[in-house]
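Here is what each chain is made of, one letter per residue.
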Amino acid sequence: VSTQSTGVIVTGSDCHGKGMESYQSYLSHLYKNRGQMSEYENFSQGYEELLQIPLQPLKDNLDNATYEIFEKDPIKYRQYEEAVYRALIDRNNPLPGEGPVKQVVMVVGAGRGPLVRASLNASKRCNIPVKVYAVEKNECALITLRNLFTDPYFCDVTLIDSDMRAWNPPEKADILVSELLGSFSDNELSPECLDGAQRLLKEDGVSIPCEYTSYLAPIMSRRLYNNTNKQSPDNPNENSFHMGYVVRLQNVWVFDKIKACFTFKHPNHDDPIDNSRHISLEFSGPVDSAPMDGPVPMEALLHGFAGYFDAKLYKDVMISIHPDTHSPDMFSWFPMFFPLATPTLVKPG
């Protein structure tokens, strides 16, 4: 509470005979000794309950300001570096008496280069040489990459100006690296992009990420409902209620367990590949989990669903925005909010 600029109102009788100033003094003491805000809390200030339309980087070219925001997240790129590092070690099988085997790494959707740098850092850590192809179609990012790759540190990087799905490579990749995930895992078309790009990968090649799952939970939030309604005040059944939003959830009640929805794996060797998904989830209904003697059934007004994801980059190297497993201080993704045009009263059971 103390990290959210929360106001406090003190009412009632003075139980200590020292006047209300004593309560004010103690509250001031608590505020002065409150813990430091986390990187996630610092970054998300001002975004609470702010509805944002999800990015569509496949359709729209991101600008430099957007890239810069995401590049400030050290946790995500640290995890990617660790995933590439482990994959390089696992794939390094030199013949007796020979040195490490050079690995081909393709970064598809290279942006302004943070995944390229993470891949090179991983190579340096394990002393396994790499040849990196940085594939990017956004001219705004390409300008930055051309300048970046003049640095000798990137001497083993080849820049490819192309859509990953259209490029014909001179060789295939040992490791395919991407960051195409959205807040609901697949909502920025990561499965479709990577399915189109997996022809770049060797038969035994590794995709990073290799698996991701989306999750849903029912929520009650009058503020989120009102904010959605403001998008189309004259007709609440217009498009504002027919789409999902990226939002920093704060004033919400997640009144049932978070449940898994859809899982995608890469490379996908299904024939034919079919990314259509549907699922029926059953929730047991709202309960008040606060009482000391156990949960108590309650009623709730369902305003929509919160969406989350987690992703396995490589083996046990994960990134997650699932509340139970959230990667500490990672702020590249806020949860999704899928609103209902007509709130629904939900009873226990």
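Everything that follows concerns the structure shown earlier in this document.
What counts and what doesn't
- Residues numbered from 1 in each chain as written.
- Predicted model: local features only at pLDDT ≥ 70, side-chain atom pairs only at ≥ 80, totals over all residues.
- Heavy atoms only, no water.
- Helix = DSSP H or I, 4+ residues; strand = E, 2+ residues; numbered from the N terminus.
- Polar contact = N/O pair within 3.5 Å; in protein donor to acceptor, adjacent residues only side chain to side chain.
- Contact = heavy atoms within 4.5 Å.
- Patch = residues over 30% accessible without salt bridge, like charges linked within 9 Å, V, L, I, M, F, W, Y side chains within 5 Å.
- Areas by Shrake-Rupley, 256 points an atom, 1.4 Å probe, with all protein chains shown as cover.
- Salt bridge = Lys/Arg side-chain N within 4 Å of Asp/Glu carboxyl O.
- Buried < 20%, exposed > 50% of the residue type's maximum accessible area, 1.4 Å probe, protein only.
- Core = buried A, V, L, I, M, F, W, Y, C linked by side-chain atoms within 4.5 Å.
- Pairing = 2+ DSSP bridges.
- Axes fitted to C-alpha atoms, helices over the stretch in contact; angles between N-to-C directions.

This paragraph deals with the side chain of Asp174. For Asp174, the location among the structural elements is in strand β4 (residues 173–177). Within the structure, Asp174 has its side chain in polar contact with the side chain of Lys202 (distance 3.0 Å). Those residues in contact with Asp174, other than ones at most four positions away along the chain, are Arg91, Lys102, Gln103, Val104, Leu201, Lys202, Gly205 and Val206.

This paragraph deals with a nonpolar patch on the surface. On the surface, Val8, Val10 and Met20 cluster together into a nonpolar patch covering about 230 Å² of accessible area. You can see Val8 is positioned in the segment before α1 (21–32). Its relative accessible area of 48% is what places Val8 among the partly exposed residues.

Right, let's talk about the nonpolar core for a bit. Within the largest apolar cluster, 75 residues are counted, with the highest numbers of intra-cluster contacts made by Val116, Ile208 and Ile319. Take this core: its biggest share by element is seven residues, from helix α4 (residues 74–91). In this structure Ile208 touches Tyr80, Ala83, Val84, Ala87, Ile175, Leu176, Val177, Ser178, Leu313 and Tyr314, once residues within four positions along its chain are discounted.

So, on to the sheet that holds strand β5 (residues 201–208). Strand order in the open sheet made by the five strands is β3-β2-β1-β4-β5, with parallel pairing throughout. Sheet topology places β3 (157–161) and β5 at the edges, where each strand pairs with a single neighbour. Here the average twist between neighbouring strands, direction ignored, is 25 degrees. Judged from the three bridges that link them, strand β1 (residues 103–108) and β4 form a sheet pairing that is parallel. Looking across to β4, one finds that Met106 is bridged to Leu176. Its contacts with the sheet place helix α5 (residues 114–126) against β1, β2 (130–136), β3 and β4, and it is angled at close to 170 degrees to β2.

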